[in-house]
Amino acid sequence: MVPEHILEILACPSCKGEVHYIVKDIAYEKESFICTNCKLRFKVIDGIPDFLIETAEKISEEEIKELLKYDYQNSKSKSL
Ligand SMILES: [Zn+2]
């Protein structure tokens with residue numbers, strides 16, 4: 001789990017836009033971050049987000065739709 005104060009300062013290294021924290025990435029079965037602008041997935045390795053464009057993975061529109069179901073903000077508002 002990435003601490004909330006860290007989540008607030010994270011941005012996509014490519015477009016500097018907002019990233020979504022995916023609490024359970026369906027393909028990778030761990031946490032990840034996605035940028036819906038760039039369609040990139042950034043993995044979280046041992047709790048540390050890997051925000052390198054070189055190691056980011058391209059994801060499809062379908063994958064984004066699936067992944068956003070596990071968006072941290074979504075899951076938080078649901079549990080309230
Ligand atoms: Zn981006």
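All figures in this text were calculated on a predicted structure; none of them were measured in a lab. (Residues numbered from 1 in each chain as written. Predicted model: local features only at pLDDT ≥ 70, side-chain atom pairs only at ≥ 80, totals over all residues.)

Asker: Go over the overall build of the chain with me, naming the residues and quoting the values.
Answerer: A tally of helices and strands in the chain yields three helices and five strands. Secondary structure elements in the chain, listed N-terminal to C-terminal, are α-β-β-β-β-β-α-α. The globule rule puts the C-alpha radius of gyration for 80 residues at 12 Å, and the 12 Å found for the chain is close to it. Its C-alpha atoms put the chain at 35 × 30 × 25 Å along the principal axes. The buried share of the chain, taken over its 80 residues, is 20%. Across the chain, every contact between residues at least 6 apart in sequence was considered, and the portion connecting residues at least 24 apart equals 36%. (Helix = DSSP H or I, 4+ residues; strand = E, 2+ residues; numbered from the N terminus. Rg over C-alpha atoms; globule rule 2.2 N^0.38 Å. Buried ≥ 20, exposed ≤ 12 C-beta atoms within 10 Å, placed from the backbone. Contact = placed C-beta atoms within 7 Å.)

Asker: Kindly report on the confidence of the model for the chain, identifying the contributing residues and their values.
Answerer: For residues with low pLDDT, the predicted coordinates do not support detailed interpretation. In the predicted model, the chain carries a mean pLDDT of 91, and 96% of its residues have values of at least 70. By mean pLDDT, the top-scoring element of the chain is strand 2 (residues 32–35) (97), and the lowest-scoring one is helix 3 (residues 72–79) (76). (pLDDT = per-residue confidence, 0-100.)

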